[in-house]
Amino acid sequence: MTEVLIEARGVHKTYANGVVALADVSLSVARGEVICIVGPSGSGKSTLLRTLNALEPISAGEIRVLGEAVHDRHTDLNRLRARVGMVFQSFNLFPHRTVLENLMLAPRIVGGLSEAEAEARARALLDKVGLAGKHDQYPSQLSGGQQQRVAIARALAMNPQIMLFDEPTSALDPEKVGEVLDVMKALAAEGMTMCVVTHEMGFARAVASRVVFMDAGRICHVDAPERFFNGAGHPRLEAFLGQVLQG
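Numbering of residues starts from 1 in each chain and follows the order in which that chain's sequence is written. Side-chain atom pairs in this predicted model are given and counted only at pLDDT of 80 or more, local residue features only at pLDDT of at least 70, and totals for whole chains, interfaces and linings cover all residues. Remark: hydrogens and water are excluded; side-chain values derive from all non-hydrogen atoms of the structure.

Peer 1: Would you explain the overall build of the protein chain in this entry?
Peer 2: Only DSSP runs of H or I covering at least 4 residues are called helices, and only runs of E covering at least 2 are called strands; the numbering of each starts at the N terminus. Helices and strands together make up the secondary structure of the protein chain, namely 9 helices and 10 strands. Using C-alpha atoms as the atom set, the radius of gyration is obtained and then compared with a globule rule of 2.2 Å times the number of residues to the power 0.38. A compact globule built from 247 residues should have a C-alpha radius of gyration of about 18 Å, and the protein chain, at 18 Å, falls within 12% of that. By principal-axis analysis of the C-alpha atoms, the protein chain measures approximately 55 × 50 × 40 Å. For each residue, the accessible area found with a 1.4 Å probe, counting protein chains only, is set against the maximum for its type, and the residue is called buried under 20%, exposed over 50%, and partly exposed in between. Across the 247 residues in the protein chain, those meeting the buried criterion constitute 51%. A separation threshold of at least 6 residues defines the contact pool for the protein chain, and within that pool the share at least 24 residues apart is 64%. Using a 1.4 Å probe, accessible areas were evaluated by the Shrake-Rupley method; residue-level cover was limited to the displayed protein chains. Accessible area of the protein chain: about 11300 Å², with a carbon and sulfur share of 47%. Separation of charge centres in the protein chain, based on 25 positive and 27 negative side chains, amounts to 3 Å. Contact criterion: two residues are considered in contact whenever any of their non-hydrogen atoms come within 4.5 Å of each other. When charges are counted, Lys and Arg are positive and Asp and Glu negative, with His and the chain ends excluded. Just so you know, the charge point we use is NZ for Lys, CZ for Arg, CG for Asp and CD for Glu.

Written out as structure tokens, the structure is:
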């Protein structure tokens, strides 16, 4: 039986001003799956992703990640977040620390690794993302694509069981997008469980186990990519794909 690592059931999220961000959202993610979440701006994609590790509170429903009730006040979120890596649109690297120091910080402070162990892991991860020669540089000395690859390596430094990506290429120059997607494709090929909010339809088509279409805070359609990108007779999805795939 396939192990479910993420389970959201009937999740609602309403802001104080009455705006509904999520409406009755349910989704399960099994070990090894790559779930790509797509949809128009403001459809709730990033909000859903952020609820999975309690960066956003929910108004109703339940989310369980790695068996833990994420929004239960008794849950140790720091311990859970150490097992769930997250990569954001902005790179969020510490500008006053070198690339190597950025990667070593959490494994030492949170993971309890020795300096030698943390450095060995960090160097191996920098090699993995194609940045072995950049360990002594500062984030400002790197391109956007390189900074995002460092951010991915930093998230991997805690040996997470799940990786969450919130539009990781949206802040990059077009020519830098491919180098980040290549790292993500390699992770997927290794069997990493991933949830990816993305506008990169080619990536979703090539890598996703399933593609989730959100609109107005709801999950409107979920399917394997080969069927999803045919529109599957869903009018709103067909209109969305017509816009993003044109040309």
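Peer 1: Help me understand the environment of proline 95 in this model?
Peer 2: Position of proline 95 among the secondary structure elements: in the loop between β6 (84–87) and α3 (99–109). On the basis of relative accessible area, proline 95 is assigned to the exposed category, the value being 59%. When the C-alpha positions of proline 95 and lysine 176 are compared, they lie 20 Å apart, and in sequence the two are 81 residues distant. Contact partners of proline 95, with chain neighbours within four places excluded, come to Tyr138 and Pro139.

Peer 1: When you look at the nonpolar core in this model, what are you seeing that I'm missing?
Peer 2: It is characteristic of soluble globular proteins that their nonpolar side chains tend to be buried jointly. One finds Ile152, Met163, Phe165, Met184, Met194 and Phe228 to be the most contacted residues of the largest nonpolar core, which totals 50 residues. In terms of residue count, helix α6 (residues 174–189) provides more of this core than any other element does, 7 residues in total. Leaving out residues up to four positions away in the same chain, methionine 184 has contacts with Ile152, Phe165, Pro168, Met194, Val196 and Phe203. Counting residues in each nonpolar core, the second largest holds 28 residues, with Val25, Ile35, Ile37 and Val197 among its members. For our purposes a nonpolar core is just a set of buried Ala, Val, Leu, Ile, Met, Phe, Trp, Tyr and Cys residues, chained together by side-chain atoms within 4.5 Å.

Peer 1: Quick question: what am I supposed to make of the sheet that holds strand β4 (residues 60–65) here?
Peer 2: Strand pairs in the sheet, formed through backbone hydrogen bonds, run parallel or antiparallel to each other. Pairs of strands are assigned from DSSP output, requiring at least two bridges between the strands. Overall, antiparallel pairing links the 4 strands, which are arranged β2-β1-β4-β5 in an open sheet. With one partner strand each, in any of the chains shown, β2 (20–30) and β5 (68–69) form the two edges of the open sheet. Strand direction decides the pairing type here: strand β1 (residues 4–14) and β2, joined by 7 bridges, are antiparallel. Within β2, the position partnered with isoleucine 6 by the bridge is valine 29.

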